Amino acid sequence: MSEKDSLKSKNYKNHLKTEKSPYLLQHADNPVDWYSWGDEAFQKAEKEDKPIFLSIGYSTCHWCHVMAKESFQDPEIGELMNQVFVSVKVDREERPDIDKVYMTACQMITGTGGWPLTIIMTPDLKPFFAGTYFPKESGSRGAGLRDLILNVKDLWENSRTDLVKSAEELTSSLQQLSQFETGKEHGDNILKKAYQSILDNFDDEYGGFGEYQKFPTPHHLLFLLRYWKLTDDVNALTMVEKTLDAMVKGGVYDQVGFGFHRYSIDRHWIQPHFEKMLYDQALLVMAYTEAYQATGKTRYRETAEEILEYVLRNMKSPEGGFYSAEDADSEGEEGKFYLWTRDEILKLLGPEDGEIFCQVFNVSPEGNYKEEATGQKTGKNIIYRSKTWDELSSILGKSKDELWWKMESAREKLFNTRELRIHPHKDDKILTDWNGLIIAALALAGKTYKRENYIVAAIEALDFITNHLQVQDRLMHRWRDGQAAVDGNLDDHAYLIWGLLELYQATFQPDYLNMAMNFNQKLMDHFWDKEKGAFFFTPDYTPEVLVRQKDAYDSALPSGNSVQMLNLQRIYLLTGNSKNREASLVLEKYFAPLMERSPAAFTMFLSGFTLKLGPSFEIIIVGDDRDVSGVIDALRKKYLPNCVFVLKLDNKILNELIENLEDKNIVNNQVTLYVCGDGACYPPINSLKELFEILKKR
């Protein structure tokens, strides 16, 4: 047996074998001697005088799998890395605090970022090299990992002074990012600037933003809906509708089993990267639900309910929490679970229905799915529609209802057949922040569509968090396999508060508002920068990673500071507690200079800002249970993003939270509405017509 064959026959076990993270466990048998993030690895690097090779990814990341298969599973590369580095693996979803710092470093060094994230740094954690995916060997795809390792080895041994100097300068720059002069409060001009920037980037032909890869960016859509509500600019609503309509027809939407894939690699929304993330489902449920409230169009409700059908079927744990993601790959191939040949479909559906299905969903003999690396068609098909049901009805000479029901029957057959395939890997860790988002989505959808099962699922997820992810009165970030770990970050608290506020609006149970207030206070106590304002990403009781960051720009997820801007404004409206308003103003001023330069990067923050700009209202509902239910149902169907609602109850907690609630009584023996907003309170009214007249005037 050759030495190479001998290396490949070994059964490797590195320092990841006892970890809980699915991503780290995927690498536990690599020949690379991976360590998890911690002192053991850092002390080893210091003792052996080696740089640290930091690799950050997540378990459902396609290109993370590619790099692992090409390089990290290769014994020769493993041996070389073990000679040169102390290697550390990090799950970005488990440790977003680490990921944020080193992703920022990568963007500063290279101008771009992504996963897998590759960082090389000194034993004291200061980065001097960054990149993303590297093939094993140098070639047409760029510099190879083997050459990179050898080059770093040479520089570490022969030009260490330059590397250390570079690392010090970069670390100093990282530390300066959150330290800048604050600005002034904004006027409505900042909204106009953000809107114009989004409009300039809008794809008029296919919807969405940009001309190449298309991400859903639901926080843009939520902002545009609020901008439309505030200004009556119909173009803002048009951008939302065109994007939502295009996405749900495309291959980025799972036409067979529902739910959205991560993003499309083309501008037409056809070919996705197939991973499905819990946070995308949650944010898109909110976008489709608010679009339904704004337009009354049933198709948006149907899409939101389909997404939640997928989430409740595939992502809900028996204990009530929600899992994180499903992989793009199965059986070692991206998209294999989701793709179909024409012959498979005709055999399953029969020649007549199969032919119609192929016309409706663009299935061809040669296939429409292309290998990303080669651009070659594979004979397999992504299921997507390029036309509306009305257009297809006219082309195929069938009524819209008949065609839809025929295709729904076919879809169910494909779904049941697909269920027999080997499923993609499911990342079954439960994250507090992403569960906060799905709680918010379920509560919003539940109240809007009168779906009690959604409300129940939201409450069960909240119960999971309070029972399993609170340890000694501290919120934790990750739960898996019976263990809660990693101190909760800003997003964990902010997203959970968002979910609690939506649950309160859906149920009017004071405990949820009280919990939101308590978590909000924890943020003020342990995350708020008491010298300069704004929230740090990590609490004051957690060991610092390299720098303690503050940011408010939105990426795939809205930032915690942005969500807190919205939370603080809503809490102020609900309770009248001016400390929350004051904190939101400090938050606004802190990030004002950054928002002025690039307002479209802060659309979630600006959604909260619309509440501050006004007009915004607290509406207190007083009446007995039977009488108020009709009023509440009518209000919940309306798109009223500038309003919060309180149902007066004989409840001590509620009376303590909300000022002057005891003074609000029934007038004229009818359901009574008390409206306050923009520094004025109106006389009590007894009809929705009167309410909408007040809201219209303002």
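For the structure itself, consult the block above.
This is a predicted model, so every value here is computed, not measured.

Participant: Please give an account of helix 13 (residues 298-315) that cites residues and values.
Facilitator: Across its 18 residues, helix 13 extends 25 Å between first and last C-alpha, which sits within 8% of the 26 Å expected from 1.5 Å per residue. Taken as a whole, helix 13 has its buried residues at Tyr300, Thr303, Ala304, Glu305, Ile307, Leu308, Tyr310, Val311, Asn314 and Met315.

Participant: Pulling in residues and values, what's your account of a nonpolar patch on the surface?
Facilitator: Residues Met108, Ile109 and Leu177 make up a contiguous nonpolar surface patch of about 230 Å² in total accessible area. By secondary structure assignment, the location of leucine 177 is in the loop between helix 8 (160-176) and helix 9 (189-201).

Participant: If you had to explain the packing of helix 18 (residues 432-449) against helix 19 (residues 452-468) to someone new, which residues and values would you point to?
Facilitator: Two elements in contact, helix 18 and helix 19, have axes whose closest approach is 8 Å; the angle formed by their N-to-C orientations is 155°. Viewed along their axes, helix 18 and helix 19 adopt a mutual orientation that is roughly antiparallel. Along this stretch, helix 18 crosses helix 19, giving a crossing that reads as left-handed. From helix 18, Thr432, Asn435, Ile439, Leu442, Ala443, Ala445, Gly446, Lys447 and Tyr449 reach across to helix 19, where they touch Tyr454, Ile455, Ala457, Ala458, Ala461, Leu462 and Ile465. For the contact of helix 18 with helix 19, the per-class residue count stands at 12 nonpolar, three polar and one charged.

Participant: Hey, could you go over the pattern of salt bridges for me, with residue numbers and the actual values?
Facilitator: For the structure shown, the criterion picks out 49 salt bridges. Ionic pairing is found between lysine 44 and glutamate 48, a salt bridge with its closest N-O pair at 2.7 Å. Of this pair, lysine 44 and glutamate 48 both sit in helix 3 (residues 39-48), four residues apart, which is roughly one turn of the helix. The class of lysine 44 is partly exposed, set by a relative accessible area of 23%. Put simply, glutamate 168 and lysine 126 hold a salt bridge, and the shortest N to O gap is 3.1 Å.

Participant: Lay out the pairing of strand 5 (residues 127-131) in plain terms, naming residues and giving numbers.
Facilitator: A large share of strand 5 lies buried, amounting to four of its five residues. Pairing geometry for strand 4 (residues 117-121) and strand 5, over four bridges, is antiparallel. From the neighbouring strand, isoleucine 119 faces strand 5, where its bridge partner is alanine 130. Taking the residues that link successive antiparallel strands as the turn, the strand 4-strand 5 hairpin has five residues, and the phi of leucine 125 there is positive, at about 75°.

Participant: I'd like to hear about the side chain of aspartate 74, residue by residue, with values.
Facilitator: With respect to the helices and strands, the residue aspartate 74 is situated in the loop between helix 4 (62-72) and helix 5 (75-84). Residue aspartate 74 is classed as buried on the basis of its relative accessible area of 11%. A distance of 2.9 Å separates a polar side-chain atom of aspartate 74 from the backbone nitrogen of isoleucine 77. Once residues lying within four places of it in the same chain are set aside, the contact partners of aspartate 74 are Pro31 and Lys136.

Participant: Any chance you could break down the state of the cysteines for me, citing the residues and the numbers?
Facilitator: Counted according to the given criterion, the structure contains two disulfides. The disulfide bridge from cysteine 61 ends at cysteine 64, spanning 2.5 Å between sulfur atoms. Between cysteine 61 and cysteine 64 the sulfur-sulfur dihedral comes to about 80°; the bridge is accordingly right-handed. Take cysteine 61: its relative accessible area is 3%, and that puts it in the buried class. By relative accessible area, which is 2% here, cysteine 64 ends up buried. Here cysteine 676 engages in a disulfide with cysteine 681; their sulfurs sit 2.0 Å apart. Residues cysteine 676 and cysteine 681 are joined through a disulfide that is right-handed, its torsion about the S-S bond being 115°. Assessed through its relative accessible area of 58%, cysteine 681 is described here as exposed. Cysteines bonded in the protein chain are numbered consecutively along the chain; their disulfide partners then correspond to 1-2, 3-4.

Participant: So what about the nonpolar core? Which residues, and what values?
Facilitator: Ranked by size, the top nonpolar core spans 179 residues in total, and within it Met81, Leu145 and Tyr288 carry the most contacts. Per-element tally for this core: the top contributor is helix 12 (residues 278-295), with 12 residues. Sequence-distant contacts of methionine 81, that is, excluding residues within four places in its chain, are made with Val32, Trp34, Phe53, Phe72, Ser87, Leu145 and Ile149. Grouped together as the second largest cluster of nonpolar side chains are 27 residues, Phe42, Ile56, Val86 and Ile119 included.

Participant: Describe the sheet that holds strand 4, naming the residues involved and giving the relevant values.
Facilitator: What the five strands build is an open sheet, ordered 1-3-2-4-5; its pairing is mixed. Each end of this open sheet is capped by a strand with a single partner; those strands are strand 1 (34-36) and strand 5. Ignoring which end each strand starts from, the neighbouring axes of this sheet average 25° apart. Sheet topology places strand 2 (residues 52-57) next to strand 3 (residues 86-91); six bridges connect them, and they run parallel. Paired with glycine 57 across the bridge in strand 3 is aspartate 91.

Cut-offs applied
Residues numbered from 1 in each chain as written. Predicted model: local features only at pLDDT ≥ 70, side-chain atom pairs only at ≥ 80, totals over all residues. Heavy atoms only, no water. Helix = DSSP H or I, 4+ residues; strand = E, 2+ residues; numbered from the N terminus. Expected span 1.5 Å × (residues − 1). Buried < 20%, exposed > 50% of the residue type's maximum accessible area, 1.4 Å probe, protein only. Patch = residues over 30% accessible without salt bridge, like charges linked within 9 Å, V, L, I, M, F, W, Y side chains within 5 Å. Areas by Shrake-Rupley, 256 points an atom, 1.4 Å probe, with all protein chains shown as cover. Salt bridge = Lys/Arg side-chain N within 4 Å of Asp/Glu carboxyl O. Axes fitted to C-alpha atoms, helices over the stretch in contact; angles between N-to-C directions. Parallel < 35°, antiparallel > 145°, perpendicular 65-115°, else oblique. Left-handed = near helix turned anticlockwise from the far one by under 90°. Contact = heavy atoms within 4.5 Å. Nonpolar A, V, L, I, M, F, W, Y, C, P; charged D, E, K, R; others polar. Pairing = 2+ DSSP bridges. Polar contact = N/O pair within 3.5 Å; in protein donor to acceptor, adjacent residues only side chain to side chain. Disulfide = S-S within 2.5 Å. Core = buried A, V, L, I, M, F, W, Y, C linked by side-chain atoms within 4.5 Å.

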